[in-house]
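# Survey of secondary and tertiary structure
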Amino acid sequence: MSVSQLPSAFRHPYSFAPAFQKSVVYFSMEFAIDQALKTYSGGLGFLAGSHMRSAFDERQNLIGIGILWKCGYYDQIRQADNSMDVQFREKMYGFLQDTGIRFTITIAGRPVWVQAFFLDPKHFSTVPMFFLTTDVDGNDEAARSISYRLYDADSERKVAQCMLLGLGGARFLDELHYQPAVYHLNEAHAVSAVFHLYKTLGSAAAVRERMVFTTHTPEEAGNEKHDIGFLEKLGFFGDLPLEEVRQITGIRDSIFNHSLVALRLSRKANGVSRLHGAVSRLLWGSYPDICEITHITNAQNHGYWADSQLETARQTGDVSALAARKKALKEPLFTFVADQVGKLFDPNVLTMVWARRFAAYKRPDLLTQDGERFKRLMKNRDYPLQIIWAGKPYPFDDGAARTFNHLYYLSHLYPRMAVLTGYELALSKVLKDGADLWLNTPIVPREASGTSGMTAAMNGAVNVSTNDGWICEFEKDNGPEQNAFIIPTAPEGNPDEHDRNHLFRLLEEDILPMYYERPADWQALQLRSMNDVNAYFTSARMAREYYQIMYE
């Protein structure tokens, strides 16, 4: 099948490459496609967006289904005292096309209208994508609000969001008269789709033939669980009797584990890095009747993220052009800094960035926990250092918000420290373009993959990181092939002091002296890092591997 079987208005704008003709539908709660489309929160969305772009580049027979979030995730703004605040604001999208498809799904015994919008591939060079919303005429405010906020804090509404993606996504395909060969769940949010498929196909075995699952969670506690009676009341299983649900899922107690059910009703699953695949097999290995768990390491779309002039310098090995372009790319980043926090950064000073979702296990404040040593680092006149933090906490994570605010207030003491709001695709790109050093400090092995360091490296930023997620497959920490600076893995126990001390040592003894005293060594390291990340960590490779390993 070299030509799309979608209705003509929604077809792929290309004939399919011979290796990628099998039809696939990719379900994801979030997609980071472009700054103009606020349908993402963080890393899961960045990954899904790059996948959709690379599937287009590779001419694959794949489409995406997500949710059109009326208020996005949230807008990160500042209060009068400059502490961060959360704003939920309606977003408008003139480039999305109404498909004309409307249908109902039943949630908590009531019909809820669903409408589908189409993202044409011509806008952002993605595969055809469809976004579902309940913010439509015919619904009351409770039903409309299901698609207001990504990852709503209300447990009943969040389950309804999962039902919209899963049951609603599967119903939408029926309305589209489209029957894909493969249903790909990017995380378990859409697992309710399996119950619709079970009714349609008639057996759990038939569901497994079509279903594949990507898990992004490295800890059992991080997997979504609900009381099975609560889910039945909401209609999560469609109209299947509870006993039949138990029979096909293997759930015998009162706890419905979404990831476990996805593993039992898929023919294959994957973790998102080599380490995460091993962790996942260990995590789930004691559960009966799960599918094979392999791994496909996450990646990012090179064409979207890589600066074209830096890429030319990489390809030609021109380290002088690389250095000049990196310095020039600091200007737009430092304009952001000056606008937000009123500080004028110096393009000649080593600039380190920590930027990603604010969460406790990612330890954004690791360096600042030793106040005296941090003070010495920031006031060192021989080896000056500029540090920028950016990232969004979950909107109702008070602890992460306090950490963000603490760093912001601490920055008042240091002219070369800045904490920025509004970490979305556009700011992420500017940060990666302008950074010399990209800091990554998750507790090992709690980062399933992480991808921000990939796109930073594509743009000539050198990674300094704990040895977790994708970094384990990338890093060459010693010798003539060195491409990063790695914090050795801490022994058992609290790793904070161990990791913090090693990070300070790397900065004080290795990184800063190299940058200022041996610029040729630094530039050679940058170039090796760029070459190594481009050799494997682009989503073109990832998109191909999904067909080779998961779909075929």
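Take a probe with the size of a water molecule and roll it over the atoms, and the empty space left behind shows itself. Per the counting criterion, the structure on display carries two cavities of 30 Å³ or more. Approximately 60 Å³ is the volume attributed to the largest cavity. For the lining of the largest cavity, the residue count by class is five nonpolar, two polar and five charged. Of the pockets and cavities examined, the second largest cavity occupies roughly 40 Å³. Together, Ala32, Ile33, Phe46, Gly49, Ser50, Arg53, Gln300, Tyr304, Trp305 and Leu425 line the second largest cavity. Where the lining of the second largest cavity is concerned, the elements lending two or more residues are α1 (43–57) and α11 (302–305). Ranked by the residues each element gives to the lining of the second largest cavity, the list is headed by α1, at four residues.

As a further point, take the nonpolar core. Judged by nonpolar contacts, the single largest core of 128 residues is most densely connected at Phe172, Phe195, Phe236, Phe256, Phe374, Leu431 and Trp522. The biggest single contributor to this core is helix α4 (residues 155–175), with nine residues. Not counting the four nearest positions on each side in its chain, Phe195 is found in contact with Phe236, Phe237, Leu240, Val245, Ile248, Thr249, Phe256 and Val261. With 48 residues, the next largest nonpolar core counts Val24, Leu119, Met454 and Ala457 among its residues.

What follows is about the pattern of salt bridges. Inspection of every chain in the model, using the stated rule, returns 29 salt bridges. Put simply, Glu209 and Arg210 hold a salt bridge, and the shortest N to O gap is 3.9 Å. Note on Glu209: relative accessible area 53%, which makes it exposed. Ionic pairing is found between Asp499 and Arg363, a salt bridge with its closest N-O pair at 2.6 Å. With Asp499 in helix α19 (residues 496–517) and Arg363 in the loop between β14 (350–355) and α14 (371–378), the pair connects residues that are 136 residues apart, well separated along the chain.

Reading guide: rules and limits
Residues numbered from 1 in each chain as written. Predicted model: local features only at pLDDT ≥ 70, side-chain atom pairs only at ≥ 80, totals over all residues. Heavy atoms only, no water. 1 Å grid on protein atoms, 1.4 Å probe; cavity = no way out; pocket = protein on both sides within 12 Å on 5 of 7 lines; lining within 4 Å. Points joined across faces, edges and corners; volume = space filled by probe spheres on them. Nonpolar A, V, L, I, M, F, W, Y, C, P; charged D, E, K, R; others polar. Helix = DSSP H or I, 4+ residues; strand = E, 2+ residues; numbered from the N terminus. Core = buried A, V, L, I, M, F, W, Y, C linked by side-chain atoms within 4.5 Å. Buried < 20%, exposed > 50% of the residue type's maximum accessible area, 1.4 Å probe, protein only. Contact = heavy atoms within 4.5 Å. Salt bridge = Lys/Arg side-chain N within 4 Å of Asp/Glu carboxyl O.

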